[in-house]
Every structure is written in structure tokens, then in C-alpha cells.
Amino acid sequence: MTEQIDYRREVVDSVNKEFDAFYYEQMQKSKEDIFANAHKIFAYTALKDFITAEESQFSDDIHYRCLYEEKDSILALLYDEYRRNEYASLATSGDILEFIEDDYNAIYHEGILEEAEELE
């Protein structure tokens, strides 16, 4: 029997690990460099806080399954997409939810979302 993957736990662990490495990297930089990276630091922190929140804020756990595909680079890939999308916002949890579910996952993980819909 195959063991079921806990996608939420895997994603949370991956995001925490990635954020810790990012934080360590930032702390090695000069104050000027840290200040210059303020926007990236804000984005990584907002995304991490949303994804790792005690209570899931996603409309469905399938979104953890989607992010699992990006394991070890979840924050970096979300940040890159955020920078490319002129309409994306990370100002509120609702903005982050919309960005991840409707922009990122709907574009990059359309197959996973369609498959889950068919199984319902």
C-alpha cells in the first residue's frame, strides 16, 4: 500500500526551509543591501506567512498539491511571478489568495486543478 503524501505539511516544511535560507542569506548582507532588498523581503515574508498559517487560507487543499510541484523553490517561483504580474498584490491575505490560486496555480498547474475537478 502506498503512503499518502501530506501535501500541506510538505509545502509548509519546504517554505519554512526556503525562507530560513533566504533570511540567513539576507542577514549576511550589509545594511544598505538589506534596505535595497526590502521589497523582496516583504514579498517572501508575506507569502511565507500566508502559506504556513496555522489555519489553511486556501479555498481548497488542492492548492497545496499544486505548490508541492515547486518544492524547494516555492517562494522564489512565486516571487518571480509576482514581479512579472503588474496587477498582482500581496497587500492582504485576500490578495495573496487570489494571486496564488487564480494567477499562479491556474496558469502553471492547470492540469492538476482540472484533474481534481474531474474527480469531484
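### Notes on the overall build of the protein chain
Along its length, the protein chain carries seven helices and zero strands. Helices (α) and strands (β) of the protein chain occur, in sequence order from the N terminus, as α-α-α-α-α-α-α. Computed over its C-alpha atoms, the radius of gyration of the protein chain comes to 15 Å, within 12% of the 14 Å expected for a compact globule of 120 residues. Along the first, second and third principal axes, the C-alpha set of the protein chain runs to 50 × 35 × 25 Å. Looking at the protein chain as a whole, 36% of its 120 residues qualify as buried. For the protein chain, long-range pairs separated by at least 24 residues make up 72% of all intrachain contacts whose partners lie at least 6 apart in sequence. Summed over all atoms, the accessible surface of the protein chain reaches about 7,800 Å², with 46% contributed by carbon and sulfur. Averaging the locations of the 11 positively and 31 negatively charged side chains of the protein chain gives two centres separated by 10 Å.

### A short note on the packing of aromatic side chains
The description of an aromatic ring pair uses the distance of the two centres, along with the angle that the planes make with each other. Considering all chains together, one arrives at nine aromatic pairs under this definition. Between Phe 19 and Phe 22, the ring centres sit 6.2 Å apart and the planes meet at 50 degrees, which makes this aromatic pair tilted. Placement of both Phe 19 and Phe 22 in helix H1 (residues 7-27) is noted, with a separation of three residues, approximately one turn of the helix. Since its relative accessible area comes to 12%, Phe 19 is described here as buried. Assessed through its relative accessible area of 7%, Phe 22 is described here as buried. Judged by centre distance (5.3 Å) and plane angle (80 degrees), the rings of Phe 50 and Phe 58 are edge-to-face. Look at Phe 50 and you get buried, because its relative accessible area is 4%. Among the aromatic residues, those joined into a ring-pair cluster are Phe 19, Phe 22, Tyr 44, Tyr 79, Tyr 82 and Phe 99. Here Lys 48 stacks its cationic end above the ring of Phe 19, 5.2 Å away from the centre of that ring.

### What about H1?
Residue pairs three or four apart in sequence face the same way in an α-helix, which turns once every 3.6 residues. Across its 21 residues, H1 extends 30 Å between first and last C-alpha, which sits within 8% of the 30 Å expected from 1.5 Å per residue. Within H1, the full set of buried residues consists of Val 11, Val 12, Ser 14, Val 15, Glu 18, Phe 19, Phe 22 and Gln 26. Buried residues along H1 cover an arc of 165 degrees about the axis, so they all sit on one side. Exposed residues lying more than 90 degrees from the buried face of H1 are Lys 17 and Tyr 24. Looking at the buried side of H1, the elements it contacts are helix H2 (31-36), helix H3 (38-51), helix H4 (62-68) and helix H5 (74-84).

What counts, and where the lines are drawn
Residues numbered from 1 in each chain as written. Predicted model: local features only at pLDDT ≥ 70, side-chain atom pairs only at ≥ 80, totals over all residues. Heavy atoms only, no water. Helix = DSSP H or I, 4+ residues; strand = E, 2+ residues; numbered from the N terminus. Rg over C-alpha atoms; globule rule 2.2 N^0.38 Å. Buried < 20%, exposed > 50% of the residue type's maximum accessible area, 1.4 Å probe, protein only. Contact = heavy atoms within 4.5 Å. Areas by Shrake-Rupley, 256 points an atom, 1.4 Å probe, with all protein chains shown as cover. Lys, Arg positive; Asp, Glu negative; His and termini not counted. Charge placed at Lys NZ, Arg CZ, Asp CG, Glu CD. Phe/Tyr/Trp six-rings, centres within 6.5 Å; stacked < 30°, edge-to-face > 60°. Lys NZ or Arg CZ within 6 Å of the ring centre and 35° of its normal. Expected span 1.5 Å × (residues − 1). Arc of directions from axis to C-beta.

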